[in-house]
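If you want the building blocks of each chain, they are given just below.
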Amino acid sequence: MYARSIREWILVVPPRTNGPRMTSPEDALAFAGFEKCASSREYFWHLAADQEAQYDRFPGAQSWEWIPGGGCENLAPLNPEALNHFFSLSCISTLTFSRRQTTLPSPTLIVAGRKNSTSRLLAPSSIAIPPKGFNISLTPLVTFRRIDLLLSKEELIDIHRSIQTQALEDDGLFSNEAVWTLPLAEYLSEFLAPLPDANYATMVVSTGGHWTTTLFSKVSPPGMQGVMSLFEAAMQRWAQKLQDALSEHSGHGRFRRSRKRVIVRAYLPGHESCHDFRQPWTEIQPFVWNWYNWGDIWQFNAIFGKLLHKYQDIHYLPIDRPARLRPDAHTTGDCLHVMAGSGVLEGWTHYIWHFVTNLP
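Note that the structure is a prediction, hence the values are computed from the model and not measured.

**Some thoughts on the overall build of the chain**
Phase 1: Helices and strands together make up the secondary structure of the chain, namely nine helices and nine strands.
Phase 2: The buried share among the 360 residues of the chain stands at 52%.
Phase 3: Restricting the contact set of the chain to residue pairs at least 6 apart, pairs at least 24 apart contribute 77%.
Phase 4: Accessible surface, the chain as shown: approximately 17,000 Å² in total, 53% of it carbon and sulfur.

**Let's talk about helix 4 (residues 153-162)**
Phase 1: Listed as buried for helix 4 are Leu156, Ile157, Ile159 and His160. The buried residues of helix 4 occupy an angular sector of 165 degrees when the element is viewed end-on, so they sit on one face.
Phase 2: Check the buried side of helix 4 and you find it contacts helix 6 (224-250).

**Re the nonpolar core**
When a protein is soluble and globular, its nonpolar side chains tend to lie buried together.
Phase 1: Residues Trp211, Phe216, Met235, Trp238 and Ile314 are the most contacted members of the largest nonpolar core, which totals 51 residues.
Phase 2: Elements represented by at least two residues in this core include exactly helix 4, helix 5 (184-192), strand 7 (202-205), helix 6, strand 8 (261-265), helix 7 (297-307) and strand 9 (314-317).
Phase 3: With 13 residues, helix 6 is the single largest residue contributor to this core.

**A look at the side chain of Asp313**
Phase 1: Considering the arrangement of structural elements, one finds Asp313 in the loop between helix 7 and strand 9.
Phase 2: Exposure remark for Asp313: the relative accessible area of 2% places this residue in the buried category.
Phase 3: In this structure the side chain of Asp313 is engaged in a polar contact, spanning 2.5 Å, whose partner is the side chain of Arg259.

**What about the environment of Glu283?**
Phase 1: Structurally, Glu283 can be placed in the loop between strand 8 and helix 7.
Phase 2: For Glu283, a relative accessible area of 47% gives the class partly exposed.
Phase 3: Distance in space between the C-alpha atoms of Glu283 and Arg326 is 10.0 Å, their sequence separation being 43 residues.
Phase 4: Excluding residues within four positions of it along the chain, Glu283 makes contact with Arg321 and Leu325.

**Thoughts on the pattern of salt bridges**
Phase 1: The full count for this structure, using the stated rule, is eleven salt bridges.
Phase 2: In this structure, Asp148 and Arg146 form a salt bridge, with 2.7 Å as the shortest nitrogen-oxygen distance. The pair formed by Asp148 and Arg146 is uniform in burial state, with each residue classed as buried.
Phase 3: The shortest N-O distance in the salt bridge between Arg259 and Asp313 comes to 2.5 Å.

**Structural notes on the packing of helix 6 against helix 7**
Phase 1: Two numbers describe how helix 6 lies on helix 7: the axes approach to 10 Å, and their chain directions differ by 30 degrees. In terms of crossing hand, the pair formed by helix 6 and helix 7 is right-handed. Along the contact surface, helix 6 presents Met224, Val227, Met228, Phe231, Glu232, Met235, Gln236, Trp238 and Ala239, while helix 7 presents Gln299, Phe300, Ile303, Phe304, Lys306 and Leu307.
Phase 2: Looking at the contact of helix 6 with helix 7 residue by residue, the class counts come to eleven nonpolar, two polar and two charged.

**A few points about a nonpolar patch on the surface**
Phase 1: Together, Val288, Trp289, Trp291 and Tyr292 make up a nonpolar patch on the protein surface, roughly 530 Å² of accessible area in all.
Phase 2: Relative to the assigned elements, Tyr292 resides in the loop between strand 8 and helix 7.
Phase 3: What makes Tyr292 exposed here is its relative accessible area of 69%.

**Points about the pairing of strand 2 (residues 64-67)**
Phase 1: Going residue by residue along strand 2, you find Trp64 and Trp66 tucked away on one face and Glu65 and Ile67 left uncovered on the opposite face.
Phase 2: Where strand 1 (residues 8-11) lies against strand 2, four bridges are found, and the strand directions are antiparallel. The partner of Trp9 across the bridge, within strand 2, is Trp66.

**Quick look at the environment of Arg145**
Phase 1: Relative to the helices and strands, Arg145 is located in strand 6 (residues 140-145).
Phase 2: Residues Arg145 and Tyr187, 42 residues apart in the sequence, show an inter-C-alpha distance of 9.1 Å.

**A look at the confidence of the model for the chain**
Phase 1: When the pLDDT values of the chain are averaged, the result is 84; 86% of them are 70 or greater.
Phase 2: Within the chain, helix 4 carries the highest mean pLDDT (98), whereas strand 3 (residues 97-102) carries the lowest (38).
Phase 3: The model gives residues 94-115 a pLDDT under 50, and that stretch makes 105 contacts with residues more than four places away or in other chains.

**What about the packing of aromatic side chains?**
Phase 1: In the structure shown here, the tally under the stated rule is 15 aromatic pairs.
Phase 2: Plain terms: the ring middles of Trp289 and Trp291 are 5.8 Å apart, the flat faces sit at 15 degrees to each other, and that makes the pair stacked.
Phase 3: Of the residues examined, Trp291 reaches a relative accessible area of 31% and is grouped as partly exposed.
Phase 4: Pairwise contacts between aromatic rings join Phe174, Trp211, Phe216, Phe231, Trp238, Phe300, Phe304 and Tyr316 into one cluster.

About the thresholds
- Residues numbered from 1 in each chain as written.
- Predicted model: local features only at pLDDT ≥ 70, side-chain atom pairs only at ≥ 80, totals over all residues.
- Heavy atoms only, no water.
- Helix = DSSP H or I, 4+ residues; strand = E, 2+ residues; numbered from the N terminus.
- Buried < 20%, exposed > 50% of the residue type's maximum accessible area, 1.4 Å probe, protein only.
- Contact = heavy atoms within 4.5 Å.
- Areas by Shrake-Rupley, 256 points an atom, 1.4 Å probe, with all protein chains shown as cover.
- Arc of directions from axis to C-beta.
- Core = buried A, V, L, I, M, F, W, Y, C linked by side-chain atoms within 4.5 Å.
- Polar contact = N/O pair within 3.5 Å; in protein donor to acceptor, adjacent residues only side chain to side chain.
- Salt bridge = Lys/Arg side-chain N within 4 Å of Asp/Glu carboxyl O.
- Axes fitted to C-alpha atoms, helices over the stretch in contact; angles between N-to-C directions.
- Left-handed = near helix turned anticlockwise from the far one by under 90°.
- Nonpolar A, V, L, I, M, F, W, Y, C, P; charged D, E, K, R; others polar.
- Patch = residues over 30% accessible without salt bridge, like charges linked within 9 Å, V, L, I, M, F, W, Y side chains within 5 Å.
- Pairing = 2+ DSSP bridges.
- pLDDT = per-residue confidence, 0-100.
- Phe/Tyr/Trp six-rings, centres within 6.5 Å; stacked < 30°, edge-to-face > 60°.

Take a look at the structure:
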């Protein structure tokens, strides 16, 4: 099931384009094999093409393909109209989709991203036939929303209080560090909303990077041990409430609806000094400075791996290894975000699409 996280990156032969070097931001599209991208937000930042000083990274960063290990023999070529994964998804399937950005609540598929939601709509010119009740100008195909912690601050303060053996002098839990998050009930209601407001079958979530000792400055016990204990308790409550809601929504007997699924993708730490690298690693390298909580991300992922196996409709996918081997695949401004077109984001889309389309 998880063989995609076992093998290696190989050079693409023949290359996707004959262009020998990058001379303009638009060249990044050809190097990645994209015609264009429908999403317009921070367009060339997502493609890591916004700083001329880093043009020497092209076309190298787009010249690799992940080869999965045994167990993936039935992995079909990606049908780009079947699933999306946001900016890079808009590059995979530009002819079928248009884009809408809104600050209003909208159905959630991919939980992560910017403060405001961003949705993609079916273009009126598409040959796709939508289901009855689908409104082309309203019903999103995919929405990208930032929910850093998967639960609200108030929910987490309550959970933190409940796992203490004695009363705390200050149970405020959080520092003044900025964080964007929502109650589970709010984005779950968006995900489960009926047509024409929504029509989703799958929600993809990932969390871990914002669970730091600087944000949770009043956690008890103090330090990463306390953060990890809180994370485990919080994700247990999150998963149980989520599964209960999914089961209730599915119904029973002749009133049964099609099942909705939630995919938890393993969180990805960054790479220290990423812009010094020009090709993939063959083995994951240890951290030198352990920026942020990157050296502890594996523990957050392990908690999900241990916790979620008992839930029928919530699945954990540890598909982080291909990205862990790509220090060369980051955007220009930091060493956490991954560029579109390097094969990393596109690989996530491919494997998640394969996984959900083969669920019973």
